[in-house]
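# Understanding the architecture of this molecule
Read off the chains here:
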Amino acid sequence: MKGYIKYRHNRLTIRSIEEFAGSKRDLSKDFQDVSFVRMLGQSQDLTAQIQAMDHTLQRQMQEGKLIYRRISSLPRLADAEDIAYYTKSYEQWKDQFHDGILTKIVNDHARSCQLGAACKQTLSLYEKSRAAVTDSIRKNFAVKLLFWFDAVLGGKNPWSGQGCAKVVAHNVGKEQEYLFYYFLTLTGCDVLLLQSAGDLADEELKRLSAQVRLGEFGKMEIPRICDVPDKDQCPDQTDRIVVKIPPRSRKPNMQTSQTPSRAQNQTPSARTVPVQRREKSFEELAALASSIVLILVHDQDGEVIATGSGIMVGRDGYILTNDHVVRGGYSYSVRIENDEQAYHTDELIKYNPVLDLALLRIARRLAPLPVYQGEKQLMRGQAVAAIGSPLGLFNSISDGIISGFRKIDGVDMIQFTAPISSGSSGGALLNLYGEVIGISTAGFDRGQNINLAVGYESIGLFIQGFQS
């Protein structure tokens with residue numbers, strides 16, 4: 001295609017912040033060299049080096065020689081108009097790949113095709129790096145890519161003829177964010193990741209970037225971009241250190257009590273005896289409330305507009321709740337029993353309005369509850385316990401029985417008698433073994449203790465690939 005550029009990564013060796021700031025692009029007829037570098041840890045003069053880079057590159061940007069951005073965190077996609085705009089851009093491109101992607105700063109055919117190629121390659125890497133990528137997960141990530149692209153470049157087209165774009169980011173630990181910065185390199189941007197506090201966990205993804213060791217990891221005060229001499233522009237952003245939780249493993253945990261590991265299987269005496277399931281007392285069931293969370297739903301101004309409950313289902317921060325709990329929210333705060341910290345997130349990983357299920361992720365290791373595997377058919381009259389936060393009363397437990405099985409709008413539901421109220425939605429319905437057999441979803445105000453839960457079969461399929 002005429003005007004289409006192929007990018008070659010890290011042909012120029014970058015060993016310092018100064019070399020990144022001073023690197024020049026090598027542009028041949030069909031190829032362009034770009035840099036994608038992670039600098040790990042801290043050197044004694046790291047702050048001074050960052051300020052010197054800011055000074056040099058800001059001055060060059062003022063002279064129209066390049067685009068320079070140094071950011072502490074990516075903006076949150078919250079505005080309804082932005083969500084609708086970038087969703088439409090993605091949907092139009094998905095239907096006709098050859099037409100490319102149009103955004104607010106990319107509006108010519110050649111560059112939209114370039115952006116489409118970058119998006120396609122990045123989505124392919126994303127799908128390879130994790131299991132169970134659904135169409136909705138793929139779309140949500142693509143929409144973020146396009147929104148971040150416009151927002152980070154500040155309305156500047158990287159192909160506008162301003163020389164090049166250089167982007168510097170701090171402590172990138174999330175898989176999606178890391179892939180976004182790789183996505184930028186596919187549009188011609190040089191990218192430097194200053195990993196002073198820690199590094200990305202995924203070894204396969206790390207191979208996309210060159211690595212330079214500056215020193216040991218640790219906390220540090222990273223200067224704001226406007227704390228440099230002779231500044232004329234001061235972007236409204238404050239750099240900060242953010243602790244990142246490693247992304248979930250791509251490999252499902254295949255080890256069970258019935259399948260010992262190699263180390264366990266060295267001698268007959270080392271083999272693990274299968275764990276016997278036993279019914280728990282209600283006091284023991286109540287102790288499982290530490291794996292049920294309270295979810296506060298925020299609007300675009302940060303005000304709390306609703307509350308609900310959620311169930312820990314994956315160790316790497318994954319929380320199951322109802323779609324109607326998170327619907328309409330711009331961000332969420334998660335409270336965990338015996339933990340004073342509120343975990344703020346806008347990571348809505350996936351959702352299904354038909355099943356009324358949604359999956360959030362927070363930056364914390366969790367203790368997930370086991371989901372019932374269907375060893376025996378559930379029965380009417382079977383004792384159950386419901387844990388949630390009715391009316392905001394954190395982690396209340398009630399007992400009851402399964403009173404029936406219903407099909408509501410084509411979805412199989414469990415009818416149960418354990419009392420729930422507004423705010424219980426998203427909470428756990430447990431059997432006496434402490435296993436999740438359903439997620440509390442609805443109740444009927446005109447009846448007494450007529451409540452419904454989405455069953456374990458739907459839950460198991462929905463969270464498949466996120467339970468490691």
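Per chain, residue numbering runs from 1 following the sequence as it is written. This being a predicted model, a pLDDT of at least 70 is required before a residue's local features are given, and a value of 80 or more before pairs of side-chain atoms are given or counted; all residues contribute to the totals for chains, interfaces and linings. Heavy atoms from the whole structure form the basis of all side-chain values; hydrogens and water molecules are not counted.

### Let's talk about the overall build of the chain
Quick note on the threshold: In this text, helices come from DSSP runs of H or I with a minimum length of four residues, and strands from runs of E with a minimum of two, each type numbered from the N-terminal end. The buried label applies to any residue whose accessible area, calculated with a 1.4 Å probe on protein chains only, is under 20% of its type's maximum; exposed applies above 50%, and partly exposed to all values in between. Contacts were defined at the residue level, with two residues in contact if any of their heavy atoms lie within 4.5 Å. We get accessible surface area from the Shrake-Rupley algorithm with a probe of 1.4 Å; when it comes to residues, only the shown protein chains can shield them.
Check the secondary structure of the chain and you find ten helices and 20 strands. When each of the 468 residues of the chain is scored for burial, the buried share is 49%. Relative to all contacts within the chain whose residues are 6 or more apart in sequence, the contacts with residues 24 or more apart total 69%. Total accessible area computed for the chain in this model is approximately 22700 Å², and 48% of it derives from carbon and sulfur atoms.

### Thoughts on the side chain of Thr-321
Which entries qualify depends on this criterion: Here a polar contact is taken to be a pair of N or O atoms separated by no more than 3.5 Å, where protein atoms must pair a possible hydrogen donor with a possible acceptor and residues adjacent in sequence count only if both atoms sit in side chains.
In this structure, Thr-321 sits in strand S10 (residues 318–321). At 2.7 Å, the side chain of Thr-321 and the backbone oxygen of Ser-309 are in polar contact. Filtering out sequence-adjacent residues up to four positions away, Thr-321 remains in contact with Ile-295, Ser-309, Gly-310, Val-326, Asp-356, Leu-357, Ala-358, Ser-425, Gly-426 and Ile-439.

### Some words on the sheet that holds strand S8 (residues 292–298)
The test is simple: Pairing between strands requires that DSSP locate at least two bridges from one strand to the other. To get an axis, a line is fitted to the C-alpha atoms, and for a helix only the part in contact is used. The angle between two axes follows their N-to-C directions and goes from 0 to 180 degrees.
Ordered by their spatial adjacency, seven strands build an open sheet running S12-S11-S8-S9-S10-S14-S13, and the pairing between neighbours is antiparallel. Whereas interior strands pair on both sides, the edge strands pair on one side only; in this sheet they are strand S12 (342–345) and strand S13 (348–352). Neighbouring strand axes in the sheet, compared pairwise and without regard to direction, differ in orientation by 30 degrees on average. Judged from the four bridges that link them, S10 and strand S14 (residues 357–361) form a sheet pairing that is antiparallel. Bridging across to S14, Tyr-318 finds its partner in Arg-361.

### As for the nonpolar core
Filter applied, for reference: To define a nonpolar core, start from buried Ala, Val, Leu, Ile, Met, Phe, Trp, Tyr and Cys residues and group those joined through side-chain atoms within 4.5 Å.
Of all hydrophobic cores here, the largest spans 87 residues; its most connected members are Phe-149, Phe-180, Tyr-181, Leu-184, Leu-320 and Leu-359. With ten residues, helix H5 (residues 135–152) is the largest single contributor of residues to this core. Those residues in contact with Tyr-181 that lie beyond four places of it in its chain are Phe-36, Ile-71, Leu-74, Val-167, Ala-169, Val-172, Val-191 and Leu-193. Counting 20 residues, the second largest nonpolar core, distinct from the first, contains Ala-21, Leu-194, Val-212 and Ile-222.

### A closer look at the sheet that holds strand S7 (residues 210–213)
If you walk across this open sheet you meet the five strands as S4-S5-S6-S3-S7, and the pairing is parallel. Strands with a single pairing partner mark the edges of an open sheet, and in this sheet they are strand S4 (67–71) and S7. When the angles between neighbouring strand axes are averaged without regard to direction, this sheet yields 15 degrees. Of the strand pairs in this sheet, S4 and strand S5 (residues 165–170) are connected by five bridges, and their pairing is parallel.

### Side note on unusual backbone geometry
Excluding glycine, residues mostly have negative phi values, and the peptide bonds linking residues are mostly trans. Phi at Asn-171 takes a positive value of approximately 45 degrees, unusual for a residue other than glycine. For Asn-171, the position within the fold is in the loop between S5 and helix H6 (175–185). Unusually for a residue other than glycine, Asn-338 sits at a positive phi of about 65 degrees. Summarising the element assignment, Asn-338 is placed in the loop between strand S11 (331–336) and S12.

### Topic: the packing of helix H3 (residues 80–95) against H5
Stated precisely, the cut-off is as follows: An angle below 35 degrees is treated as roughly parallel, one above 145 as roughly antiparallel, one from 65 to 115 as roughly perpendicular, and anything else as oblique. Crossing handedness follows the turn of the near helix against the far one: under a right angle anticlockwise gives a left-handed crossing, and clockwise gives a right-handed one. Throughout this entry, Asp, Glu, Lys and Arg are counted as charged residues, while Ala, Val, Leu, Ile, Met, Phe, Trp, Tyr, Cys and Pro are counted as nonpolar. The remaining residues, Gly among them, count as polar.
Contact geometry of H3 with H5 gives a least axis separation of 9 Å together with a crossing angle of 110 degrees. Between H3 and H5, the angle falls in the class roughly perpendicular. Crossing of H3 over H5 shows right-handed handedness. Residues Asp-82, Tyr-86, Thr-87, Ser-89, Tyr-90 and Glu-91 of H3 form the contact with H5, whose own contacting residues are Arg-138, Lys-139, Ala-142, Val-143, Leu-146, Phe-147 and Asp-150. Looking at the contact of H3 with H5, its residues break down into six nonpolar, two polar and five charged.

### Concerning the pairing of strand S17 (residues 411–416)
Most of S17 sits out of view: five of its six residues are buried. With six bridges joining them, strand S16 (residues 396–408) and S17 adopt antiparallel strand pairing. Each bridged residue has a counterpart across the sheet, and for Phe-405 the counterpart in S17 is Ile-414. Remark: two residues form the turn of the hairpin made by S16 and S17, two consecutive strands paired antiparallel; Asp-409 in that turn has positive phi of roughly 50 degrees. Bridging between S17 and strand S20 (residues 451–455) involves four bridges; their strand directions are antiparallel. Within the sheet, the bridge partner assigned to Gln-415 lies in S20 and is Leu-452.

### A few points about the environment of Asn-451
Of note, Asn-451 is situated in strand S20. Once the C-alpha coordinates of Asn-451 and Phe-416 are considered, the two residues, 35 residues apart in sequence, prove to be 5.4 Å apart. For Asn-451, the side chain forms a polar contact with the main-chain oxygen of Ala-418, separated by 2.9 Å.

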